[in-house]
Amino acid sequence: MVRLITHNLLACHVKGCTTNNFPLVFQDVQVELQEAEFNPEFIRNMLSRLEWTALVNAAKQVGDTSLPPQQPDMMDDELLQKLHHVLMEIHVTDGAMVCQNCNHIYPISNGIPNMLLAEHEIG
């Protein structure tokens, strides 16, 4: 399943697509919520690896508006729970991710993103 923690790491790698290729934009997605065990230490450790604005925008694209637009300096338990929900419990099952720059479409089917490129698209 595509979770937002994974989505936050993905960029377009089509030949010549080197600017504005992150983040990929969700399109026509279906979402499933799956409860996951809360691990606050894991969430805290992930904070430095996340692109906050991309995460907030992706969450909005899948219907979640619980995160603040700017990353807070301090993370209280309530915000860690919200972040856990967005990162670990929202699963995109079907739809697509689209590059903002070249409009390449990466389909998602049964929770699996197809990130493979055709030979002419490889740089």
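Below is a summary of the structure that appears in this document. Because the structure is predicted, anything quoted here is derived from the model rather than measured. (Residues numbered from 1 in each chain as written. Predicted model: local features only at pLDDT ≥ 70, side-chain atom pairs only at ≥ 80, totals over all residues. Heavy atoms only, no water.)

### What to know about the overall build of the protein chain
What the protein chain contains, in helices and strands, is four helices and five strands. Compactness check: the protein chain gives a C-alpha radius of gyration of 15 Å against a globular reference of 14 Å for 123 residues, within 12% of the reference. With the C-alpha coordinates of the protein chain rotated into their principal frame, the extents come out at 50 × 30 × 20 Å. Here the protein chain holds 123 residues, and the buried ones make up 40% of them. Long-range contacts, defined as pairs at least 24 residues apart, comprise 69% of the intrachain contacts of the protein chain with a sequence gap of at least 6. Split by element, the accessible area of the protein chain, about 7,100 Å² in all, is 49% carbon and sulfur. (Helix = DSSP H or I, 4+ residues; strand = E, 2+ residues; numbered from the N terminus. Rg over C-alpha atoms; globule rule 2.2 N^0.38 Å. Buried < 20%, exposed > 50% of the residue type's maximum accessible area, 1.4 Å probe, protein only. Contact = heavy atoms within 4.5 Å. Areas by Shrake-Rupley, 256 points an atom, 1.4 Å probe, with all protein chains shown as cover.)

### Some remarks on the nonpolar core
Leu4, Phe26, Leu55, Leu67, Leu83 and Leu87 are the most contacted members of the largest nonpolar core, which has 33 residues in total. Secondary structure elements with two or more residues in this core: α1 (4-7), α2 (40-46), α3 (52-61), α4 (77-89), β3 (90-98) and β4 (105-109). Residue contributions to this core peak at six residues, all from α4. Not counting the four nearest positions on each side in its chain, Leu4 is found in contact with Phe26, Leu55, Ala58, Ala59, Val62, Val86, Leu87 and Ile90. (Core = buried A, V, L, I, M, F, W, Y, C linked by side-chain atoms within 4.5 Å.)

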